[in-house]
Amino acid sequence: MLLNVTKRRQLVLVLAVLSVVVLVLVARRLNATKIGGQGPAEPFRIAGNFYYVGATDAAAFLITGPEGHVVLDGGYPTTARLVMASIAKLGFDIKDVKVLLNSEPHADHGGGLAALQQASGAELWASEASADVLASGGDDPDGVLPLRALIWIGVLGYPPAHVDHRFKDGDTIRVGPTALTAHITGGHTRGCTSWSFPVRDGDRVLNVVSACDLGVLATSTYPEQAADRERSIRVLRGLPADIWVTCHARWWGRYRKFVASTTAKNPVEPFIDPEGYRAFLDAAEAELREGRTH
Ligand SMILES: [Zn+2]
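Everything in this summary refers to the structure shown in the same document. Values in this document were obtained by computation on a predicted structure and should not be read as measured data.

## Topic: the coordination of the zinc ion
Link 1 in the chain: Note on the zinc ion: its protein donors are Glu104 (OE), His106 (ND1) and His188 (NE2). The metal-donor distances range over 2.1 Å.
Link 2 in the chain: In primary sequence terms, the donor set of the zinc ion follows E-x1-H-x81-H.
Link 3 in the chain: In this structure Glu104 comes out as buried when scored by relative accessible area, which is 0%.
Link 4 in the chain: On the accessibility criterion, His106 (18% relative accessible area) is buried.

In structure tokens, the structure reads:
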């Protein structure tokens, strides 16, 4: 009897400590998402048929076409409604979005895809490694155990998306004349995908690169990670980029470039930034050499 009481007390104590740990983690997460770029942002045209429809930092892009549109990334689960409002504000119909793409399946880029998919009926394409994570609602086998446990019990994670197609490195996804080439640039996550595509703006064709995150989180690691990052930086260096973006808008200067474009003689000019692209890759390479994590 005495032993039972002691055991029960121990169990209560363990549960209390666990609850505190969960609460702290959830509070940190909520705070991070609040300051982490979930605010509403003005949608705008970057060049030609290429638009920004994301939040302050959690990026999302719209590539329009006569046979249907493409949306790249969905932000957090709560960002999806902002993305839809931005698409409508630009004068496009979410129902005309035929393809959904993703850079990487963490909650800040994959979280809103299920809602966008439901609203549009679009087909989701993902790399093999990203597909499993998106379909499980954010459970990445490379994630650390406490994080995965929080996803399993529904504290973290996001609504699972239905992956319609899995692509290989170098595949091109087409919707009418729109063609985006997938470059699997692993490192941040195994299936991290960069995209390259041409955009016609007036009488010129501009090369766009959406580079995947190249940094490493302490909560997401795998054995081939350093080799993957090395290769990814090399692959990205080989892509011609007049315009470059990433899944975090602050990295490519969304606001700065947007403000500059409102007063520029040619509003596309501030977005043409091959030097910024090289600096981004140089910084990623320095981070890799110094062994820094985010
Ligand atoms: Zn991430």
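Let's pick the thread back up.
## Considering the packing of helix α2 (residues 80-89) against helix α4 (residues 113-120)
Link 1 in the chain: Where α2 contacts α4, the axes come no closer than 8 Å and their chain directions differ by 45°. The orientation of α2 with respect to α4, classified from their angle, is oblique. Residues Ala80, Val83 and Met84 of α2 form the contact with α4, whose participating residues are Ala115, Leu116 and Ala119.
Link 2 in the chain: Per-class residue counts for the contact of α2 with α4 are 6 nonpolar, no polar and no charged.

## Focus: helix α10 (residues 274-290)
Side chains three or four residues apart in an α-helix point the same way, a direct result of the helix having 3.6 residues per turn.
Link 1 in the chain: Over its 17 residues, α10 runs 24 Å from end to end, which matches the ideal 24 Å to within 8%, given 1.5 Å per residue.
Link 2 in the chain: Taken as a whole, α10 has its buried residues at Gly276, Tyr277, Phe280, Leu281, Ala284, Glu287 and Leu288. Seen from one end, α10 has its buried residues packed into an arc of 140°, which puts them on one side. Exposed side of α10, more than 90 degrees from the buried face: Glu275 and Glu290 are the residues found there.
Link 3 in the chain: Looking one or two residues beyond α10, the residue adopting positive phi is Gly291, at roughly 70°.

## Quick look at the pairing of strand β4 (residues 69-72)
Link 1 in the chain: Neither face of β4 is left uncovered, since the one carrying His69 and Val71 and the one carrying Val70 and Leu72 both have all their residues buried.
Link 2 in the chain: As paired elements, strand β3 (residues 61-63) and β4 share 3 bridges and run antiparallel to each other. Residue pairing in the sheet places Phe61 in a bridge with Leu72 of β4.
Link 3 in the chain: Hairpin remark: β3 followed by β4, antiparallel, with 5 residues in the connecting loop; positive phi at Gly68, about 135°.

## Thoughts on the sheet that holds β4
Link 1 in the chain: With respect to topology, 7 strands assemble into an open sheet ordered β1-β2-β3-β4-β5-β6-β7, the strand pairing being mixed. Strands with a single pairing partner mark the edges of an open sheet, and in this sheet they are β1 (44-47) and β7 (165-167). Taking each pair of neighbouring strands and ignoring which way they run, the sheet shows an average axis angle of 25°.
Link 2 in the chain: In the sheet, β4 pairs with strand β5 (residues 97-101) via 4 bridges, with the strands oriented parallel. Bridging across to β5, Val71 finds its partner in Leu100.
Link 3 in the chain: Its contacts with the sheet put α4 on β4, β5 and β6 (123-127), and the angle it makes with β5 is roughly 165°.
Link 4 in the chain: Seen against the sheet, helix α5 (residues 128-135) touches β6 and β7 and runs at an angle of roughly 125° to β6.

## Observations regarding the pattern of salt bridges
Pairing is possible between side chains of opposite charge, provided their charged atoms come close.
Link 1 in the chain: Scanning all chains against the criterion turns up 17 salt bridges.
Link 2 in the chain: Residue Arg237 pairs with Asp282 through a salt bridge whose shortest N-O separation is 2.8 Å. Of this pair, Arg237 sits in helix α7 (residues 225-237) while Asp282 is found in helix α10, placing the two residues 45 residues apart along the sequence.
Link 3 in the chain: Taking the relative accessible area as the measure of exposure, Asp282 reaches 42% and is therefore partly exposed.
Link 4 in the chain: As a salt-bridge pair, Glu285 and Arg237 come within 2.7 Å of each other at their nearest N and O atoms. Taken together, the residues Glu285 in helix α10 and Arg237 in helix α7 connect sequence positions 48 residues apart.
Link 5 in the chain: Glu285 sits in the partly exposed class, given a relative accessible area of 22%.
Link 6 in the chain: For Arg237, a relative accessible area of 37% puts it in the partly exposed group.

## A closer look at the state of the cysteines
Link 1 in the chain: Taken as a whole and judged by the stated rule, the model has 1 disulfide.
Link 2 in the chain: The partner cysteine of Cys192 in its disulfide is Cys212, sulfur to sulfur 2.0 Å. Disulfide Cys192-Cys212: torsion about the S-S bond near -75°, hence left-handed. With a gap of 20 residues between them, Cys192 in the loop between β9 (178-184) and β10 (193-201) and Cys212 in the loop between β11 (204-211) and α7 connect regions that are remote in the sequence.

## Things to note about the packing of aromatic side chains
Link 1 in the chain: Taken as a whole and judged by the stated rule, the model has 13 aromatic pairs.
Link 2 in the chain: Measuring from centroid to centroid gives 5.3 Å for Tyr51 and Phe92, while their planes differ by 65°, and the two rings are edge-to-face. A residue pair is termed long-range when its members are at least 10 positions apart, and Tyr51 in strand β2 (residues 50-52) and Phe92 in the loop between α2 and β5 qualify at 41 residues.
Link 3 in the chain: Residue classification places Tyr51 among the buried residues on the basis of a relative accessible area of 9%.
Link 4 in the chain: Take Phe92: its relative accessible area is 23%, and that puts it in the partly exposed class.
Link 5 in the chain: Consider the rings of Phe167 and Trp195, whose centres lie 5.2 Å apart with planes at 75°: the pair is edge-to-face.

Rules used in this analysis
- Residues numbered from 1 in each chain as written.
- Predicted model: local features only at pLDDT ≥ 70, side-chain atom pairs only at ≥ 80, totals over all residues.
- Heavy atoms only, no water.
- Donors = N, O, S within 2.8 Å, 3.2 Å for Na, K, Ca; no water.
- Buried < 20%, exposed > 50% of the residue type's maximum accessible area, 1.4 Å probe, protein only.
- Axes fitted to C-alpha atoms, helices over the stretch in contact; angles between N-to-C directions.
- Helix = DSSP H or I, 4+ residues; strand = E, 2+ residues; numbered from the N terminus.
- Parallel < 35°, antiparallel > 145°, perpendicular 65-115°, else oblique.
- Contact = heavy atoms within 4.5 Å.
- Nonpolar A, V, L, I, M, F, W, Y, C, P; charged D, E, K, R; others polar.
- Expected span 1.5 Å × (residues − 1).
- Arc of directions from axis to C-beta.
- Pairing = 2+ DSSP bridges.
- Salt bridge = Lys/Arg side-chain N within 4 Å of Asp/Glu carboxyl O.
- Disulfide = S-S within 2.5 Å.
- Phe/Tyr/Trp six-rings, centres within 6.5 Å; stacked < 30°, edge-to-face > 60°.

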